[in-house]
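Understanding the architecture of this molecule
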Amino acid sequence: MANSPQAKKRARQNERRFQVNKARRSRVRTFLRKVEEAIEAGNKEDATAALRAAQPELMRGVTKGIFHKNTVARKMSRLSARVKAIA
């Protein structure tokens, strides 16, 4: 348990940061789910639009330190390949 004032403040900051990061991660997952659903439905137009909407959200996650840049690059690459493969 935090005893010093500095450690107590750090614990408060960590909790706040955790809540913000959790909301950001959830938001990104929602965008990714929309892309996945459009791919499953086989709707190329919706999938492309959802992917375009998800891309800036993913990149924002990188700049905010939620995701590693290579992880996002890999996700984008795989999703775009799947969208492109829709007949």
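Within every chain, residues take consecutive numbers counted from 1 along the sequence as written. For this predicted model, a pLDDT threshold of at least 70 governs which residues receive local features, and a threshold of 80 or more governs which side-chain atom pairs are given and counted, while totals over whole chains, interfaces and linings are taken from all residues. Excluded from the side-chain calculations are hydrogens and water; all other atoms, namely the structure's heavy atoms, are used.

**Here's the deal with the packing of helix H1 (residues 5–41) against helix H3 (residues 69–84)**
This is how it is decided: Here an angle of 0 to 180 degrees is reported between the N-to-C directions of two axes, which are lines fitted to C-alpha atoms, with helices fitted over the stretch in contact. Helix and strand definitions here come from DSSP, where helices need a minimum of 4 consecutive H or I residues and strands a minimum of 2 consecutive E residues; each element is numbered from the N-terminal end. Our angle categories are set so that under 35 degrees counts as roughly parallel, over 145 as roughly antiparallel, 65 to 115 as roughly perpendicular, and the remainder as oblique. Here a crossing is taken to be left-handed if its near helix is turned anticlockwise relative to the far helix by less than a right angle, and right-handed if that turn runs clockwise. Contact criterion: two residues are considered in contact whenever any of their non-hydrogen atoms come within 4.5 Å of each other. The residue classification treats Ala, Val, Leu, Ile, Met, Phe, Trp, Tyr, Cys and Pro as nonpolar and Asp, Glu, Lys and Arg as charged. All others, Gly included, are polar.
For the pair H1 and H3, interaxial distance at closest approach is 10 Å and the crossing angle is 25°. When the axis of H1 is compared with that of H3, the two are roughly parallel. For H1 against H3, the interelement crossing comes out left-handed. Each of Leu 32, Val 35, Glu 36, Ile 39 and Glu 40 in H1 lies in contact with H3, whose residues at this interface are Lys 75, Leu 79, Arg 82 and Val 83. Of the residues assigned to the contact of H1 with H3, the class counts are five nonpolar, no polar and four charged.

**What about H3?**
Let me state the cut-off plainly: One less than the number of residues in a helix, times 1.5 Å, gives the span that helix is expected to have. Only protein chains enter the accessibility calculation, which uses a 1.4 Å probe. A residue is then buried if its area is under 20% of the maximum for its type, exposed if over 50%, and partly exposed in between. Here the arc refers to the directions that run from the helix axis out to each C-beta atom.
The end-to-end C-alpha separation of H3 is 22 Å, in line with the 22 Å expected for 16 residues at 1.5 Å each. For H3, the full list of buried residues reads Val 72, Met 76, Leu 79 and Val 83. Viewed end-on, H3 has its buried residues packed into an arc of 75°, placing them on one side of the element. With respect to the buried face of H3, the exposed residues turned more than 90 degrees away are Arg 78 and Lys 84. Those residues of H3 hidden inside the fold are in contact with H1 and helix H2 (44–63).

**With respect to H1**
With 37 residues, H1 extends 54 Å from end C-alpha to end C-alpha; this agrees with the ideal 54 Å at 1.5 Å per step. What H1 keeps buried is the set Asn 21, Val 28, Phe 31, Leu 32, Val 35, Ala 38 and Ile 39. Where H1 is buried, its residues meet H2 and H3. The positive-phi residue at the C-terminal boundary of H1 is Gly 42, with phi of around 80°.

**Overview of the side chain of Glu 57**
Its place among the elements puts Glu 57 in helix H2. Setting aside residues up to four positions removed in sequence, Glu 57 forms contacts with Arg 27, Val 28 and Phe 31.

**Brief notes about the nonpolar core**
Going by this rule: In this description, a nonpolar core means a group of buried Ala, Val, Leu, Ile, Met, Phe, Trp, Tyr and Cys residues linked to one another through side-chain atoms lying within 4.5 Å.
Formed by 16 residues in total, the largest nonpolar core has its most connected members in Val 35, Ile 39, Ala 47, Leu 51, Leu 58, Leu 79 and Val 83. Only H1, H2 and H3 provide two or more residues apiece to this core. Per-element tally for this core: the top contributor is H1, with six residues. Leave out the neighbours within four places in its chain, and Ala 47 touches Val 35, Ala 38, Ile 39, Val 83 and Ile 86.

**Considering the pattern of salt bridges**
To keep it simple, the criterion reads: Salt bridges, as used here, are contacts in which a Lys or Arg side-chain nitrogen is within 4 Å of a carboxyl oxygen on Asp or Glu.
The tally for this structure, following the rule as stated, stands at five salt bridges. Ionic pairing is found between Arg 27 and Glu 57, a salt bridge with its closest N-O pair at 2.9 Å. Residue Arg 27 is located in helix H1, and its partner Glu 57 is located in helix H2; the two are separated by 30 residues in the primary sequence. Residue Glu 57 is classed as buried on the basis of its relative accessible area of 9%. Residue Arg 82 pairs with Glu 40 through a salt bridge whose shortest N-O separation is 3.7 Å. Of the two residues, Arg 82 sits in helix H3 while Glu 40 sits in helix H1, which places them 42 residues apart along the sequence. Residue classification places Arg 82 among the partly exposed residues on the basis of a relative accessible area of 33%. Each member of the salt-bridge network shares a partner with another, and the members are Arg 27, Glu 57 and Arg 60.

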